[in-house]
Amino acid sequence: MTAIIPTPLALIAELTHRCPLHCVYCSNPLELQSRGSELSTEVWTRVLKEAGDAGVLQADFTGGEPLARPDLVELVRAARGSGLYVNLITSGLPLDELRLSELAKAGLDHLQLSFQGLREDAASEIAGTRALEQKRQVVGWARAHRVALTLNFVMHRLNLDQLEEMIAFGEESGASRMEFAHVQYYGWAFANRERLLPRREQVERSISVLQQAEARLRGKVRVEYVVPDYYAKYPKACMGGWGRKLMLITPSGDVLPCHAAQLIPGLRFGNVKNQALQEIWDSSDAFQKFRGEQWMQEPCRSCDRRAQDFGGCRCQAFLLAGDAAVTDPVCTLTSQRAIVDEIIATTNAAAPAAIATKAVWLYRTNPA
Amino acid sequence: MKLELHARPILAAGCRLSEPNRGPRMLLMPERALRLNGPSLEIVERCDGEHTIQQIVSGLQKIYSKAEPERVEKDILGYLTLLHDQRALDFTMEELTGQS
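Residues numbered from 1 in each chain as written. Chains lettered and ligands numbered in written order. Predicted model: local features only at pLDDT ≥ 70, side-chain atom pairs only at ≥ 80, totals over all residues.

Asks: Could you clarify how one ought to interpret unusual backbone geometry in this entry?
Replies: Comment: phi is negative for the bulk of residues other than glycine, and the bulk of peptide bonds are trans. All names here are of chain A. Cis geometry is adopted by the peptide bond preceding glycine 64, which originates at glycine 63 and carries an omega value of 10°. Along the chain, glutamate 298 connects to proline 299 via a cis peptide bond; the corresponding omega equals 5°. Turning to its location among the elements, proline 299 is positioned in the loop between α11 (285-289) and α12 (306-309). Even without being glycine, arginine 146 reaches a positive phi, approximately 55°. Note that arginine 146 resides in the loop between α5 (132-144) and β5 (148-155). Even without glycine at this site, methionine 239 takes up a positive phi of about 55°. Position of methionine 239 among the secondary structure elements: in the loop between β7 (222-226) and β8 (246-249). Its 23 C-beta neighbours within 10 Å are what place methionine 239 among the buried residues. (Helix = DSSP H or I, 4+ residues; strand = E, 2+ residues; numbered from the N terminus. Buried ≥ 20, exposed ≤ 12 C-beta atoms within 10 Å, placed from the backbone.)

This is the structure:
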């Protein structure tokens, strides 16, 4: 029996790993790719066309900081011309009003502006630079040029108690969407987890605050929340299932099933410089490895939830249990859950101040 | 939210229809896409800031003349409310006159 290969729906394009920020939870890998290895405008243009032809609906331009690419306007135009919905995920730091108007004219559909926090001191400690005032300006420009706007607040132990301020800021800004995405523990965030993982009472409080905000703002601002999965009972359906909906292209052209897949040993990735995107999606080793259900072990193999969460996250299984093919240790149906429970117990046992002063941050560096 | 029949729905910024020659028609919006079937596509195509909700209802009641008209109206209002809750729709209202 041949497995049916699903159609990819979204392409996450990491245009560069260069970034003016140094966030301690950056989703980029610890080994960053250099400027010299970045794909050219021509290759990206071809890949975007191939994506549209393959049935991809949305392109997410991200980085690093995608605005660091001088050809961004051209790439937005190419994506839009290939029938894609174009989303820009940015810190907003290198943006000015002229460039935003050019991006809008080239077909940018949506801007996702990331916030490290609303208190300049705390936000600067996280991002390693002062940024908040610039972001406030970007919000105004997006409104002036009628670009749809999502404010993305990255949540963690140190800012989870500032939710009400963030909600009030978003409400006033005129954004149509607010996303409160908890840090996910891979790469830089995994290295800094001890100081980022919130306490249980913070998580519980935040869920109730956001539920109230969601109900109050319905029809006005769309509120979305990504919970810290260590506190969940079942794993997240990571990437909507491996090789089912999404793919990510790194600055140098490797095509990955998710942001962190390179940390799993032994996976072989196709590269768009010498292979067609459709072929990579359909048959490359990395996509085939955990696609479908053949790879699953118990308890996933016979579990009713396997079509819902697809066994959770492969990278998390590797990082926490040392084996990418076991059930995500977040799942309370697996014995590996003991690993997560121990991490949570440590976090909740220590006095808050003890953690804050104990470890030092590992700041994200910049590639050559 | 109570919908006013004389309001004119229009797709919100960041929400648009996929191009006609690229597979099934979709309503594209931030981080999601909604597949549109016959009636839902007919509704969304009329969310252009020109048609009032009343006109959309009458138009679809003609197309689906075998269905109960009340049912068609109820389904359309339900669908518009859903889109509005997802922040995919705005409504423009007639200017009020004589209130200067």
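Asks: Please explain the nonpolar core as it appears in this structure.
Replies: Of all hydrophobic cores here, the largest spans 118 residues; its most connected members are Leu11, Tyr25, Ala59, Leu84 and Leu149 of chain A. Here leucine 11 of chain A is in contact with Ala51, Val56, Ala59, Met247 and Ile249 of chain A, once residues within four sequence places are set aside. (Core = buried A, V, L, I, M, F, W, Y, C linked by C-beta atoms within 7 Å. Contact = placed C-beta atoms within 7 Å.)

Asks: Help me understand the sheet that holds β7 of chain A in this model?
Replies: Each strand in a sheet pairs with another by means of backbone hydrogen bonds, the pair being arranged parallel or else antiparallel. Residues and elements named next belong to chain A. Taken in spatial order, the nine strands line up as β7-β6-β5-β4-β3-β2-β1-β8-β9 in an open sheet, and their pairing is mixed. Looking at strand neighbours, the two that pair on one side only are β7 and β9 (255-256), the edges of this open sheet. As judged from the four bridges shared by strand β3 (residues 85-90) and strand β4 (residues 110-115), these two strands associate in the parallel manner. Its bridge partner lying in β4, threonine 90 is registered against leucine 113. Strand contacts of helix α9 (residues 200-217): β6 (177-182) and β7, with the helix running at about 160° to β7, the strand carrying the most contacts. (Pairing = 2+ DSSP bridges. Axes fitted to C-alpha atoms, helices over the stretch in contact; angles between N-to-C directions.)

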